[in-house]
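# A look at the structure
Okay, here's what each chain looks like letter by letter:
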Amino acid sequence: MVTAALAQAGDMLLFAARALRDVWRRPWEGAEIARQILEVGWRSLPLITAAGFAVGVVMSMHTRASLERFGAEAMIPAGLALALIKETGPLVTGLLFSGRVGAGIGAELGAMRVTEQIDALESLAVDSFKYLVVTRVVACVVAMPLLTTVTNFAGIIGGFVAETAVSGMSFALYFDRAFSLINFSDYVPSTLKTCVFGFIIATVSAYLGYNTRGGTAGVGQASTRAVVLSSILLILSNVVLVKMILFFFPSR
Amino acid sequence: MPVSKKVTLAVFLGGAFLLFTLGLFLIGDRRMMFERSIELRTEYRQLSGLKVGSKVLVSGMDAGEVLAIDVPGGPDGRFQVRFRVLEKFRPVLRSDSVATIQMDGLVGNKVLQIGAGTPQGRELEPGDLIASREPVEISDLIKEAVETVQYARGSVADVREAIDGAVDMFEQLTRNASDIVQEVGKDVKEISEAGRQATGDVRDLVAGVKAGRGSLGKLITDDALYERIRGTVGEAERVAGNLREISDDAKAITEELKSAGLAAKFDRVVSNAADAAEKGKRLVQGLLPERKGEGGLSTDLRETVANANKAMSDFAENMEALKRNWFFRGFFNQRGFFDLDAVSVADYQAGRFAPDRVPERHWLHRSELFMTGADGAEELSPDGRRKLDEVAAELLRQARNNPLMIEGYASAGAAHEQILASLARAAAVRDYLLKRYPFQRNYVGVMPMGAVASSDPSGAPWDGVSVVLYLPRETGRGR
């Protein structure tokens, strides 16, 4: 069983390496990439925005409850923004994205596999891997940081709504304070690391769907396993990424 | 791909990218990256957590950030802090501006605070070094606070010790006061009891005397006894007269013995002597007890006088104690004396007697009052008695409740003779006045002055008496 798991992990790594390699190979499949960006990005926007806003409201309330004990209510916007931008925003976006997009990719490719649509594409001399997998990987890598930015701002605005409801703080003062502690080294790396999240979600989900076996039951399994595995890998990879960010952009 | 989808894609990508760029702009703006600034320096031996990127405030307003911190080359060196400040703050910053490291709020980061300079300072140029003030560490403050608390604790302990001592003293004082009050209360109680008993005794005594009980009462109220005594005294006077006659007769006999008719005259003398003896016998019988076993009048009188003396002595003692208790002494203090007999010559001469009263004097010279008696002692002369009558008539108008002091003066002889003579003169005058006039006995005293410089008109030591009536200041004329 362990051997099988390790063999599958190796197979998945080779799948990811092939995706990375094929990104830079012609044909670019721009239209399909655009279509996939709309599919995974635009269509995820309502979910991401709503979730980000709610997270911002909740975090504002928790932050107030904590900082109020020290008489540091003025730090609420900065603390909230810092937490959202550095960690909460990217992670929440990644998990939501894996839940919605990962499951979709796994199910879609799995269905295509069991219905021999992929075989049909192959028979038409279409590089199914490049057409189905690489385009989705590129779309996820592009969409993830954009969605994370939306999540961050939605969360900050949600925090403002919660804060102004309690203290009546003005929008200008809130935003001034929110960005008072944030540096470029906090904002840019944390946003761009979600590209890695997008790559992991896309490759894992595509691998599980692309290699689906067992008919329609296999499609369901591929969908479920895509969400679970991509979420776990996303969280684990976050540890490594944060460590790398702190290494290259030490906290000042 | 349809156009609508392309537009949607463009909106999504463009919008999200703009949002990301907005974040970058907000951060850059907050970091004041889009405004002109100048770079300045300052130096610190202790940074206290200041780091690159820390805010720089000019007079409390965000003005820049710390760009770099250069570590010194050796332990004696100082950290060089390079920071940038917005160009617009340049007019505020002067060469005498001072940089301090402060905390941004209670739980905030460390910031570099630059104080505005004075108009006398020159405007800073890029790269200039600003003077710094070493930061105060919280640990130093805590250490200082701990020392202060320890000092305060020591002071509190000292104060507490002092207060405890004071409280102990106060408790001791209270106990002493309580003991004193108890003791005084006991004394007061005893004095009150003695006074009450004395008053009761006096009341009983007076009541008894009034009722005619006891020897004194009988003596005072028994008319028969009085008549007997009067008769006895009359008899005694008559006996004395007879004896004088006998003596005269004896003298005549002696004379006649020298001449003739001796026998006849001797018979007359014997007859007179027998008559005198008979009268003397009656006198003695009057004094002897009527029945055997009884004391007789003389014994009764002796006992009565002894009892009266004892009673009066006790009474006087009780009254003396009573006078000095808190309830009555106010009256005596206001009167000016407790007992005229208790006034010493020294106190009297020092003017401590009745200081609130004005003396009204009557100087009477020895020659005006006295004559030498048959025994060689001084006695009041008839002229002297008349003189005293005149003085008494004048004094009586104001004598009620005012002390009358008879001062005796004598300048002849030794000191003790002077005292005795002056006392005798004063006593003679007092006795005469008390006998004849209704002066209050306890308001009349004698004062043997001896030979002292007096205030008589001549200024010489007076020889005689001075009758002094002490009048209240508001009524006395004084002289």
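### So, the nonpolar core
- Grouped together as the largest cluster of nonpolar side chains are 71 residues, with contacts concentrated most on Ala81, Val137, Cys140, Ala143, Ile201, Ala206 and Ala226 of chain A.
- The set of elements that each furnish at least two residues to this core consists of helix H2 (30-42), helix H3 (45-67), helix H4 (76-114), helix H6 (128-167), helix H7 (171-178), helix H9 (194-210) and helix H10 (215-248) of chain A together with helix H1 (3-30) of chain B.
- Here this core gets 19 residues from one element, more than from any other, and that element is H6 of chain A.
- Ignoring sequence-local partners within four residues, the contact set of cysteine 140 of chain A consists of Val40, Val101, Gly198, Phe199, Ile201 and Ala202 of chain A.
- Counting 36 residues, the second largest nonpolar core, distinct from the first, contains Leu388, Ala392, Leu404 and Ala421 of chain B.

### Observations regarding the packing of H6 of chain A against H1 of chain B
- Where H6 of chain A contacts H1 of chain B, the two axes come as close as 9 Å, and the packing angle between them is 55 degrees. Regarding the angle of H6 of chain A to H1 of chain B, the classification is oblique. Seen from above, H6 of chain A lies across H1 of chain B with left-handed handedness. On H1 of chain B, the residues touching Leu146, Thr149, Val150 and Phe153 of chain A of H6 of chain A are Leu13, Ala16, Phe17, Leu19, Phe20 and Gly23 of chain B.
- Across the contact of H6 of chain A with H1 of chain B, the residue classes tally to eight nonpolar, two polar and no charged.

### A short note on the sheet that holds strand S8 (residues 357-365) of chain B
All names here are of chain B.
- Strand order in the open sheet formed by four strands is S8-S13-S11-S12, with mixed pairing between adjacent strands. With one partner strand each, in any of the chains shown, S8 and strand S12 (444-450) form the two edges of the open sheet. With strand direction ignored, the average angle separating the axes of adjacent strands in the sheet is 25 degrees.
- Judged from the six bridges that link them, strand S11 (residues 404-409) and S12 form a sheet pairing that is parallel.

### A closer look at the pairing of strand S13 (residues 464-472) of chain B
Residues and elements named next belong to chain B.
- With seven of nine residues buried, S13 lies mostly within the body of the structure.
- Two elements, S8 and S13, share nine bridges in a ladder whose sense is antiparallel. Each bridged residue has a counterpart across the sheet, and for proline 359 the counterpart in S13 is tyrosine 470.
- Across six bridges, S11 lies against S13 in antiparallel orientation. In the strand pairing of S13, glutamate 407 is matched with serine 466.

### With respect to the confidence of the model for chain A
- Put simply, chain A has an average pLDDT of 92, and 99% of its residues get 70 or more.
- For chain A, the element scoring lowest by mean pLDDT is H7 of chain A, at 89; H9 of chain A scores highest, at 95.

### Some thoughts on the packing of H4 of chain A against H10 of chain A
Residue and element names in this part refer to chain A.
- Contact geometry of H4 with H10 gives a least axis separation of 8 Å together with a crossing angle of 150 degrees. Comparing their axes, H10 and H4 come out roughly antiparallel. Two packed elements cross with a definite hand, and for H4 against H10 that hand is right-handed.
- In terms of residue class, the contact of H4 with H10 is made up of twelve nonpolar, 13 polar and no charged.

### Some words on the sheet that holds strand S4 (residues 79-86) of chain B
- Strand order in the closed barrel formed by seven strands is S1-S4-S3-S2-S6-S5-S7 (chain B), with mixed pairing between adjacent strands. Neighbour-to-neighbour, the strand axes of this sheet turn through a mean angle of 35 degrees, independent of strand direction.

### Points about H6 of chain A
Residues and elements named next belong to chain A.
- Here H6 spans 56 Å end to end across 40 residues, near enough to the 58 Å set by a 1.5 Å rise per residue.
- The sharpest bend along H6 reaches about 25 degrees and sits at valine 134.
- Along H6, 30 of the 40 residues are buried, which leaves the element largely enclosed by surrounding structure.
- Immediately downstream of H6, the backbone of glycine 168 shows phi near 70 degrees, a positive value.

### Some points on the interface of chain B and chain A
- Each partner contributes to the interface: chain B provides 21 residues, whereas chain A provides 25 residues.
- The residue makeup of the side of chain B that touches chain A, split by class, is 14 nonpolar, four polar and three charged.

### Here's the deal with H3 of chain A
Residue and element names in this part refer to chain A.
- The first and last C-alpha atoms of H3 sit 32 Å apart over 23 residues, in line with the 33 Å expected at 1.5 Å per residue.
- Within the sequence span of H3, burial applies to Ile48, Gly52, Phe53, Val55, Gly56, Val57, Met59, Ser60, Thr63 and Arg64.
- Next to the buried residues of H3 lie H4 and H6.

### Thoughts on unusual backbone geometry
All names here are of chain A.
- The linkage connecting arginine 26 with the following residue, proline 27, adopts the cis geometry, with an omega of -10 degrees.
- Mapping proline 27 onto the fold places it in the loop between helix H1 (2-23) and H2.
- You will see that glutamate 29, though not glycine, has its phi angle at about 55 degrees, which is positive.
- Its location among the elements puts glutamate 29 in the loop between H1 and H2.
- Given 19 C-beta atoms within a 10 Å radius, glutamate 29 is considered partly exposed.
- One non-glycine residue, glutamate 116, lies in positive phi territory at about 60 degrees.
- As for its position among the elements, glutamate 116 is in the loop between H4 and helix H5 (117-123).
- On the basis of neighbour counts, which here come to 11 C-beta atoms within 10 Å, the residue glutamate 116 falls in the exposed class.

About the thresholds
- Residues numbered from 1 in each chain as written.
- Chains lettered and ligands numbered in written order.
- Predicted model: local features only at pLDDT ≥ 70, side-chain atom pairs only at ≥ 80, totals over all residues.
- Core = buried A, V, L, I, M, F, W, Y, C linked by C-beta atoms within 7 Å.
- Buried ≥ 20, exposed ≤ 12 C-beta atoms within 10 Å, placed from the backbone.
- Helix = DSSP H or I, 4+ residues; strand = E, 2+ residues; numbered from the N terminus.
- Contact = placed C-beta atoms within 7 Å.
- Axes fitted to C-alpha atoms, helices over the stretch in contact; angles between N-to-C directions.
- Parallel < 35°, antiparallel > 145°, perpendicular 65-115°, else oblique.
- Left-handed = near helix turned anticlockwise from the far one by under 90°.
- Nonpolar A, V, L, I, M, F, W, Y, C, P; charged D, E, K, R; others polar.
- Pairing = 2+ DSSP bridges.
- pLDDT = per-residue confidence, 0-100.
- Expected span 1.5 Å × (residues − 1).
- Bend = angle between axes of the 7 residues up to and from the residue.

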